[in-house]
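Here is how the chains run, residue by residue.
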Amino acid sequence: MDTIEIRGNAIAEKVYVECLQELQVLKAQGHLPGLAVVLVGDDPASRAYVGSKERKCQELGLHSVKIELPEDATQEVLIAQIEKLNADPAIHGILVQLPLPSHLDEDAVIMKISPAKDVDGLHPINIGKLAMDDATGFAPCTPLGCQRMLIENGMGISGKKVVIIGRSLLVGKSLGLLLLQKGEGGNATVTIAHSRTENLAQVASEADILVAAIGRPGFVTEDFIKDGAVVIDVGINRVDDASAKRGYRLVGDVDFAKVAPKCAAITPVPGGVGVMTIAMLMANTIRACRMAEEGEARN
Ligand code: GUN
């Protein structure tokens with residue numbers, strides 16, 4: 001089978017062209033979208049993600065603020081920081097990089113972010129709006145990126161059987177809600193499978209569109225795949241590799257070499273979904289600014 005590789009870069013570039021157009025309009029009206037990213041502790045992967053977000057803001061010409069707190073920061077200090085950002089009119093989007101150190105309560109922290117500035121789409125108000133097909137909310141960025149890749153791939157989502165492996169709020173559960181919504185980019189028949197799903201490979205092999213978001217390198221093998229399926233690999237796993245410059249390499253949740261020959265289309269890792277998360281974060285931040293300035297935000 002001639003397999004199409006769905007690469008993130010070309011699609012992300014399209015999103016950035018849209019972002020720049022919108023940015024030009026906002027700037028002409030005297031508005032500058034601002035994003036604050038909060039990093040607690042020193043996790044190298046989190047630091048790298050935060051750095052990429054900051055660089056992209058600078059490249060596009062958004063206002064960006066990085067708040068770094070030490071590994072042992074208290075819940076009170078972190079929440080005080082969020083409240084300051086909630087009150088700052090130059091900041092339209094707030095993202096607290098996850099995971100947080102284990103002594104901090106992630107849910108309680110996310111709950112403190114103003115829903116109108118929650119460009120990560122994780123506040124219960126925004127998750128609720130996602131579930132209610134209310135377009136005034138924000139959906140999480142990785143699911144938005146996956147949806148956009150499927151739309152751009154042109155194989156269709158409406159009526160298709162989608163199996164998502166992984167039930168995190170950040171990806172699996174939210175992507176399920178997004179693809180289930182009525183309208184363009186939705187109308188799928190969604191199954192969310194996970195580590196306790198019986199006969200997982202068989203469940204997965206019924207999918208027209210299979211999404212792997214479990215965080216286990218190479219977990220999805222050819223027996224999970226229906227011939228001609230579209231496969232979206234959300235996994236970004238670091239595996240030790242002495243021959244690599246950094247001592248590790250990035251691999252997805254899908255065993256690409258075994259799976260690709262059976263697919264109609266598949267996203268590679270790296271080079272697939274990863275860049276889409278940042279692109280959708282930029283799009284959400286610009287939208288948050290427009291909604292704030294136009295008084296559209298309803299929460
Ligand atoms: N950690 C990994 N991905 C994400 C994301 O999309 N948002 C946040 N806040 N943390 C993450």
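These numbers were taken from a predicted model, which means no experiment stands behind them.

Caption draft 1: Inspection of the nonpolar core at higher detail. Val211, Ile232 and Met282 are the most contacted members of the largest nonpolar core, which totals 51 residues. If you tally residues by element for this core, the top one is helix H10 (residues 274-293), at 10 residues.

Caption draft 2: Region of interest: the packing of helix H5 (residues 124-131) against helix H7 (residues 172-180). Their axes nearest at 9 Å, the elements H5 and H7 cross at an angle of 35°. Contacts between H5 and H7 pair Ile127, Leu130 and Ala131 from the former with Ser174, Leu177 and Leu178 from the latter. A per-class count over the contact of H5 with H7 returns 5 nonpolar, 1 polar and no charged.

Caption draft 3: Representation of the packing of aromatic side chains in the model. All chains considered together, the criterion is met by 1 aromatic pair. Cation over ring: Lys56 sits above Tyr16, and NZ or CZ is 4.3 Å from the ring centre.

Caption draft 4: Expanded view of the sheet that holds strand S4 (residues 93-96). Taken in spatial order, the 3 strands of this open sheet run S3-S2-S4, and their pairing is parallel. What marks the edges here is a single partner per strand, and that holds for strand S3 (63-69) and S4. Strand after strand, the sheet turns through a mean of 15° between neighbouring axes, direction not considered. Two elements, strand S2 (residues 34-40) and S4, share 4 bridges in a ladder whose sense is parallel. Directly across from Ala36, in S4, lies its bridge partner Ile94.

Caption draft 5: Spotlight on the sheet that holds strand S5 (residues 161-165). Read across the sheet, 6 strands follow the order S1-S11-S8-S7-S5-S6 without closing on themselves; strand pairing throughout is parallel. Every other strand in the sheet has two partners, leaving strand S1 (4-5) and strand S6 (189-193) as the edge strands with one partner each. Relative to S6, S5 runs parallel, the two sharing 5 bridges. Residue pairing in the sheet places Ile165 in a bridge with Ala193 of S6. Set on the sheet, H7 makes contact with S5, S6 and strand S7 (209-212); between it and S6 the angle comes to about 170°.

Caption draft 6: Representation of helix H1 (residues 8-28) within the structure. Its 21 residues give H1 an end-to-end C-alpha distance of 30 Å, which sits within 8% of 30 Å, the value for a rise of 1.5 Å per residue. Within the sequence span of H1, burial applies to Gly8, Ile11, Ala12, Val15, Tyr16, Cys19, Leu23 and Leu26. Along H1, the residues classed as buried sweep out an arc of 140° about the axis, all on the same side. In H1, those exposed residues whose orientation departs by more than 90 degrees from the buried face are Ala10, Gln24 and Ala28. Those residues of H1 that are buried are in contact with helix H2 (44-60), helix H6 (141-153) and H10.

Caption draft 7: Representation of the layout of surface pockets within the structure. Its boundaries defined by the atoms lining it, the largest pocket holds a volume of some 1300 Å³. Along the walls of the largest pocket sit 47 residues, with Tyr49, Thr142, Val234, Ile236 and Thr277 positioned nearest its centre. Contributing elements (two or more residues each) for the lining of the largest pocket: H2, S4, H6, strand S9 (237-240), strand S10 (248-251) and H10. Of the residues forming the lining of the largest pocket, the biggest block, 6 residues, is contributed by H2.

What counts, and where the lines are drawn
Residues numbered from 1 in each chain as written. Predicted model: local features only at pLDDT ≥ 70, side-chain atom pairs only at ≥ 80, totals over all residues. Heavy atoms only, no water. Core = buried A, V, L, I, M, F, W, Y, C linked by side-chain atoms within 4.5 Å. Buried < 20%, exposed > 50% of the residue type's maximum accessible area, 1.4 Å probe, protein only. Helix = DSSP H or I, 4+ residues; strand = E, 2+ residues; numbered from the N terminus. Axes fitted to C-alpha atoms, helices over the stretch in contact; angles between N-to-C directions. Contact = heavy atoms within 4.5 Å. Nonpolar A, V, L, I, M, F, W, Y, C, P; charged D, E, K, R; others polar. Phe/Tyr/Trp six-rings, centres within 6.5 Å; stacked < 30°, edge-to-face > 60°. Lys NZ or Arg CZ within 6 Å of the ring centre and 35° of its normal. Pairing = 2+ DSSP bridges. Expected span 1.5 Å × (residues − 1). Arc of directions from axis to C-beta. 1 Å grid on protein atoms, 1.4 Å probe; cavity = no way out; pocket = protein on both sides within 12 Å on 5 of 7 lines; lining within 4 Å. Points joined across faces, edges and corners; volume = space filled by probe spheres on them.

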